[in-house]
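A closer look at the structure
Next come the chains, spelled out residue by residue.
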Amino acid sequence: MSKEFSENLNNKIKLLPENSGVYLMKDENGTIIYVGKAKVLKNRVTQYFRKNSNHTPKVLKMVENIADFEYIITNNEMEALILECNLIKKYRPYYNILMRDDKTYPYIKITTKDEYPKLFVTRKYINDGNKYFGPYANATYAKKAVSTINELYPIAMCKKELKSGVKKGDVCLNYHIGQCLGVCQGNIDTKLYNGYIKEIIDILNGRTSKIIQSLENKMNSYSENLDFENAGKVRDKIFAIKGLKSEQNVSNANADNMDILGLAMAEDMACVQVYALRDKKIVGRENYILKGQNEKDVSEVLSAFIKQFYTNTPFIPPLILVEKEFDDIDNITDLLTNLKSKKVEIKVPVKGEKKKLLKLATDNAKLNLENIIGKEKQKALMEKKAVEEINEYADIKKEGNFRYEAYDISNTSGVDSVGVMVVFDGAKRNYKAYRKFKVKSIEGPNDYGSMVEVVFRRLNRAQKELKQNDENPRFLPLPDIIFVDGGIGHVNAVKNVVDTFNFNIKVLGLGKNNKHKLKEVVKSNEEARNIRDFEFAVKLLNDISEEVHRFAIDYHKNLRSKSFLKTTLEEIEGIGKVKCRNLLKHFKNMEDLKNAPIEEIIKVDGMNEELAKKVKDHFKND
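Please read all numbers here as calculations on a predicted model, not as lab measurements.

Some words on the overall build of the protein chain
Along the backbone of the protein chain there are 19 helices and 20 strands. Long-range contacts, defined as pairs at least 24 residues apart, comprise 61% of the intrachain contacts of the protein chain with a sequence gap of at least 6. In the form shown here, the protein chain has an accessible surface area of approximately 33600 Å², with 47% of it arising from carbon and sulfur atoms.

Description of the environment of Asn217
Within the secondary structure, Asn217 is located in helix H8 (residues 209–224). Taking C-alpha positions, Asn217 is 9.8 Å from Val234, a pair spaced 17 residues apart along the chain.

Some points on the sheet that holds strand S7 (residues 131–133)
Strand pairing in a sheet is mediated by backbone hydrogen bonds. Such pairs are either parallel or antiparallel. In spatial order, the strands read S6-S5-S7; together these three strands make up an open sheet with antiparallel pairing. For this open sheet the edge positions go to strand S6 (119–122) and S7, each flanked by a neighbour on one side alone. Between one strand and the next, the sheet's axes are offset by a mean angle of 30 degrees, whatever the strand orientation. Sheet topology places strand S5 (residues 107–110) next to S6; four bridges connect them, and they run antiparallel. Residue pairing for S6: Lys109 is matched across the bridge by Phe120. The strands touched by helix H5 (residues 139–152) within the sheet are S5 and S6, with S6 carrying the most contacts at an inclination of about 170 degrees. Strand contacts of helix H7 (residues 190–204): S5, S6 and S7, with the helix running at about 160 degrees to S5, the strand carrying the most contacts.

Some details on the packing of aromatic side chains
The tally for this structure, following the rule as stated, stands at 19 aromatic pairs. Residues Phe501 and Phe503 carry aromatic rings whose centres are separated by 5.7 Å and whose planes lie at 0 degrees to one another, so their mutual orientation is stacked. On the accessibility criterion, Phe501 (9% relative accessible area) is buried. The class of Phe503 is buried, set by a relative accessible area of 15%. Within the aromatic cluster, the residues linked to one another by ring pairs are Tyr288, Phe305, Phe309 and Tyr310. Lys385 extends its terminal NZ or CZ atom over the ring of Phe536, reaching a point 5.2 Å from the ring centre. If you follow Lys523 out to its NZ or CZ, it ends over the ring of Tyr393, 4.4 Å from the centre.

What to know about the sheet that holds strand S3 (residues 68–73)
Read from one edge to the other, the open sheet built from three strands follows the order S2-S1-S3, with strand pairing classed as antiparallel. Two strands in the sheet have a free side with no partner beyond their single neighbour: strand S2 (32–38) and S3. Within this sheet the neighbouring strands show an average axis-to-axis angle of 20 degrees, counted without direction. Note that strand S1 (residues 21–26) and S3 share six bridges and pair antiparallel. Considered in S3, the bridge of Tyr23 is made with Tyr71. Those strands touched by helix H4 (residues 77–91) are S1, S2 and S3, and its axis lies near 165 degrees from that of S2.

A closer look at the side chain of Thr111
With respect to the element layout, Thr111 can be found in the loop between S5 and S6. Overall, the relative accessible area of 9% leaves Thr111 in the buried class. Not counting chain neighbours up to four residues away, the residues in contact with Thr111 comprise Pro117, Lys118, Phe120 and Asn130.

Analysis parameters
- Residues numbered from 1 in each chain as written.
- Predicted model: local features only at pLDDT ≥ 70, side-chain atom pairs only at ≥ 80, totals over all residues.
- Heavy atoms only, no water.
- Helix = DSSP H or I, 4+ residues; strand = E, 2+ residues; numbered from the N terminus.
- Contact = heavy atoms within 4.5 Å.
- Areas by Shrake-Rupley, 256 points an atom, 1.4 Å probe, with all protein chains shown as cover.
- Pairing = 2+ DSSP bridges.
- Axes fitted to C-alpha atoms, helices over the stretch in contact; angles between N-to-C directions.
- Phe/Tyr/Trp six-rings, centres within 6.5 Å; stacked < 30°, edge-to-face > 60°.
- Buried < 20%, exposed > 50% of the residue type's maximum accessible area, 1.4 Å probe, protein only.
- Lys NZ or Arg CZ within 6 Å of the ring centre and 35° of its normal.

Laid out in structure tokens, this is it:
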């Protein structure tokens, strides 16, 4: 840390208040690297900058990288806890314990706010008044559950906005095969439909006893009347419902609803096994991985997991079992109680059935973590070998970290040409470094010219940032290798650009076959190497090729869609440039806007109910 930064920090430390609040540590690039809460900000933040042998190596490393910090004062420690949770989810700081990919866990959503609710899998949980179940660590299970329920109950699966008494087009195939009542015809009894929805909610909550009993009575009645065909259909429903829940009965558990959290820690990871008990049955067993836990103790990891998991889930059980108490347990219990609006307890079982269940969850967490670490090590080894093989082929001698950039061009018959740059730090995608370019100087379908323009603009920006010693560069560092989508012509054209700037960057081409699959890697003045001749780098090279192509196509489609949507919106009376821009910012594409309810459109700045109705009517008549 430089003297300038130290003086800046010392001055800010002296001004720290003695209020409760949240502090955000930043590195020299202004990136938030740690978020914490404090009962007394002055005491807590000052501790980081004292010479203290009790600091773990990881904390010492973090302190070395702190160039600045900011803080937010709160009225009490509870407000600080809530704010800390939200900021960790927002910024995902490097030095905080984080649930790996926590944004990608799927939920099952039932749109109970609709007159005719629908059921589907979503990866976005929002507090919109609808019913959510999950999150599920296993996406396959969530999809299977939805698929099975759709086979059991003839509810709507389409994207139409369904209302009683309103016909929406013709019936689809699902109606003809008996998997939908034909709600789009507007004449389905809402009481019957919502009876199905209630049963579905019971199934997803694990309350299946009454449903199974009812179905068994119906099956027996069909059998007595020798109607074996319908009896068989009901029997299949019973099997399907039973298949969606665990058969493990926990008869000695005192609470009907609880979660048991088993924890295992090793290296830089922790695995939390969540056993969900509903109506005294284990209805869910999910594993969640946390990163950045090294040198942390069990208490700290449990605290971090509970804050991130239960403040982002639609269901909080009345009882959560853990293996050890932690410092924040009272505050977190109060937070969950407030979120649930009912009393929530976090307890450490000392004996009996609950203790046995906790051990079972912990043992499973250990097994899963061992398996995950083994796979991670194998993956890391293969990625290292892939990078080494690519560098050897490109004749790169340096050691350390490597940066690869790949470029592709996309257009429609030469119209609306765009270029993209994707970045791999070794074998890892660096999404923050991706860049998009609208081709400006080239007319018509000229891939060579477009590629040259894009790479020139990228390197020119980098050169300016180097000369100006830019503190927040967007085009640095420079890559070790530039991959271009194309053959020797593309390679030579881009190599000429690189040589113009006198940068030491290798240029390789990714040649495709007639099915647009990666066929070979092309190097200037050498015969192309067939992709199959690489021993370890095949997967990484394919990943780079497919990723840059995907990014280019997505960007081009998005621009075309927005351009068309902008033209369409400007045809509506009362929608000017400002309202059009606000609508485009809120709704990313035509389909989102078409399917949006009036209430959602009104939320956009400048819109009111009258204008929202005009938008809906315009697309209805389109």
